Each structure stands twice: as C-alpha cells, then as structure tokens.
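# An overview of the molecular structure
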Amino acid sequence: VREADAILIGPGMLPNTATKNLVKKLLKNNPDKKFLLDAGALRVINKKLLTKNCILTPHKQEFKSLFKVEPTLQATQKLSLTCPAVIILKGSTDYVVQDGKVYCNTNGNVGMTKGGTGDVLAGLLSALLTKTDPLTASQQAVYINGKAGDSLYKKYKHFYSATELIPEVQKLLAKSIK
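Residues numbered from 1 in each chain as written. Predicted model: local features only at pLDDT ≥ 70, side-chain atom pairs only at ≥ 80, totals over all residues. Heavy atoms only, no water.

### Describing the pairing of strand S1 (residues 6-9)
Filter applied, for reference: If DSSP finds at least two bridges between two strands, the strands pair. Segments assigned H or I by DSSP are reported as helices when at least four residues long, segments assigned E as strands when at least two residues long, and all are numbered from the N terminus.
When S1 meets strand S2 (residues 34-37), the two strands line up parallel, connected through four bridges. Within S2, the position partnered with Leu8 by the bridge is Leu36.

### Here we look at the pairing of S2
Applied cut-off: We call a residue buried when its accessible area falls under 20% of the maximum for its residue type, exposed when it is over 50%, and partly exposed in between, using a 1.4 Å probe and counting protein chains only. Looking down the strands as they point away from you, a crossover is right-handed if its path from the first strand over the helix to the second goes clockwise.
Side chains Lys34 and Leu36 of S2 all project onto a buried face; the interleaved residues Phe35 and Leu37 project onto the opposite face, where all are buried too. Regarding the hand of the β-α-β motif, the stretch spanning S1, helix H1 (residues 17-29) and S2 is right-handed. Judged from the three bridges that link them, S2 and strand S3 (residues 54-56) form a sheet pairing that is parallel. Residue pairing across strands places Leu37 opposite Leu56, the latter belonging to S3.

### Thoughts on the nonpolar core
In plain terms, the rule: To define a nonpolar core, start from buried Ala, Val, Leu, Ile, Met, Phe, Trp, Tyr and Cys residues and group those joined through side-chain atoms within 4.5 Å. Only heavy atoms enter the contact rule, under which two residues are in contact if any of them lie within 4.5 Å.
Ranked by internal contacts, the top residues of the largest apolar core, which has 26 residues, are Ile55, Ile88, Leu125, Leu165 and Val169. Breaking this core down by element, the ones donating at least two residues are strand S4 (86-89), helix H4 (117-129), helix H5 (134-156) and helix H6 (162-177). Those residues in contact with Val169 that sit more than four places away from it in its chain are Val120, Leu124, Ile144, Asn145 and Ala148. Judged by nonpolar contacts, the second largest core, of 25 residues, contains Ile7, Phe35, Phe63 and Leu89.

### Remarks on the layout of surface pockets
Stated formally: Of the grid points, spaced at 1 Å and generated over the protein atoms alone, those admitting a 1.4 Å probe that cannot get out make up cavities, while open sets with protein on both sides within 12 Å along at least five of seven lines make up pockets; any residue with an atom within 4 Å of a point is treated as lining. Grid points are joined across faces, edges and corners, and a volume is the space filled by probe spheres set on the points.
When its volume is computed, the largest pocket comes out at roughly 530 Å³. Forming the walls of the largest pocket are 24 residues, and the residues nearest its centre are Lys90, Met112, Thr113, Thr117 and Gly118. Taken together, the elements giving at least two residues each to the lining of the largest pocket come down to H4 and H5. The element contributing the most residues to the lining of the largest pocket is H4, with four residues.

### Comments concerning the environment of Asn16
The condition that has to hold: As used in this structure description, the phrase polar contact means that two N or O atoms lie within 3.5 Å; if the pair is within protein, one of them must be able to donate a hydrogen and the other to accept it, and residues adjacent in sequence are counted only when both atoms belong to side chains.
Relative to the helices and strands, Asn16 is located in the loop between S1 and H1. For the pair formed by Asn16 and Arg43, sequence separation is 27 residues and the distance between their alpha carbons is 8.7 Å. Here the side chain of Asn16 touches Ala18 through a polar contact of 3.2 Å, landing on its backbone nitrogen.

### Digging into the state of the cysteines
Rules: Disulfides are defined as cysteine sulfur pairs within 2.5 Å.
As enumerated under the stated definition, the model contains zero disulfides in all. Looking at the unpaired Cys83, the closest cysteine sulfur is the one in Cys54, lying at 8.3 Å.

### Let's talk about the packing of H5 against H6
Cut-off, in case you're wondering: Only the contacting stretch of a helix is used when fitting its axis, a line to C-alpha atoms as for every element, and angles between N-to-C directions run 0 to 180 degrees. In these notes the angle categories are as follows: under 35 degrees is roughly parallel, over 145 is roughly antiparallel, 65 to 115 is roughly perpendicular, and the rest is oblique. In this scheme the crossing of two helices becomes right-handed for a clockwise turn of the near helix relative to the far one and left-handed for an anticlockwise turn of less than a right angle. Residue polarity is assigned by list, with Asp, Glu, Lys and Arg as charged and Ala, Val, Leu, Ile, Met, Phe, Trp, Tyr, Cys and Pro as nonpolar; anything else, Gly included, falls into the polar class.
Between H5 and H6, the shortest axis-to-axis distance is 9 Å and the interhelical angle comes to 120°. As far as their axial angle goes, H6 and H5 are oblique. Handedness of the H5/H6 crossing: right-handed. Taking contact as the criterion, the partners of Ile144, Asn145, Lys147, Ala148, Gly149, Ser151, Leu152, Lys155 and Tyr156 in H5 are, on H6, Glu164, Leu165, Glu168, Val169, Lys171, Leu172 and Leu173. Split into classes, the residues belonging to the contact of H5 with H6 amount to eight nonpolar, three polar and five charged.

### Considerations on the sheet that holds strand S6 (residues 101-105)
Across the sheet, which stays open at both edges, the six strands sit in the order S1-S2-S3-S4-S5-S6 with mixed pairing between neighbours. Two strands bound the open sheet, and with one partner strand each, they are S1 and S6. Taking the axes of each pair of neighbouring strands and ignoring which way they run, one obtains an average angle of 15° across the sheet. Packing of helix H2 (residues 60-67) onto the sheet brings it into contact with S3 and S4, and relative to S4 it is tilted by some 135°. Together, S2, S3, S4, strand S5 (94-98) and S6 form the strand contacts of H5, whose direction differs from that of S5 by roughly 175°.

Right, here's the structure in full:
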C-alpha cells in the first residue's frame, strides 16, 4: 500500500464482513492515499472514513443503499456538501459531484449497462487517478468511457460487450496523448 499511487477496491468483492473489515482497515490506515471505491466496497463502507482523496462510483441502486436517499442529482449535490469524496452517480447521464459542484457527462448509451462496463470504468479511473487528482480523473474517465461506448454503438448498436469496450478506451487514450 505504501508504494501505491491509487487503490481500487470493490470489484469482484462480496459485501461481507471480510470486505467490510478490509475496506475499513485500508481507509483508516491510509487517509492520505487516493481510493476508488466501487462495487462490493460501496455496500460496506464506513462513510466517516471518506476523504477528499476518495471516489465513489455507485449506480442508482448502490447509491440508494449507501446513502439511504433517492438517487437524484439534487440528493447527490446535497450529500456532496457533507461527504468529502467525489461521487460519480452512474446512469444515462453520469454525474460527477464534489463540494456541491456538478459535472454532467451525457455521452454513452444503453449498451453500457451490461455487466463489466463498470469494471472497465473502474480500471480506467484508477489508472487516471495515479496521475491526477480525484475530481479530474473522474471527469476524464466518465467522458472517455462514454465516448468509447458511443464509438461501439455506431458499429454495433447496443450489442457490444465490456471486452470490446477496452480497445476503444485504449484508442481514445492513445489519441489524447498525441
């Protein structure tokens, strides 16, 4: 953990006591580290341990379970005034919210609701997080992931997989570096 620039925790993890204890230990012992909390970690997190270096990536059901309120833009914005983490509320429009400020990403499509596309986003986001701050990484990741999905939609409509999304993300990143 000491050498890590950013830590992704949650994908593939079950929302059980072991996951809860691991998430708590990592957050408590590393308050200055950048964390991306996704999937299973979102269901067991102690919100009091969140810092401005954390990113949460809930879809609407995870949001409702985590915060006990309806997953609306207004609720997310209000929560961001007391929750220091960047919140990415995933949906037909992705909202990146921190400190009451909202950034909307409208690209992407219904094909991105398939299993695994959130994992692609998490991988992309954690990679970007190693190089920049949580808010910037979040804005970049939702944009690139959505744009990659739109590229696939032009070819296949919504009949594409998360595996096909990865090379599209890579192409976009390669173009952005040039």
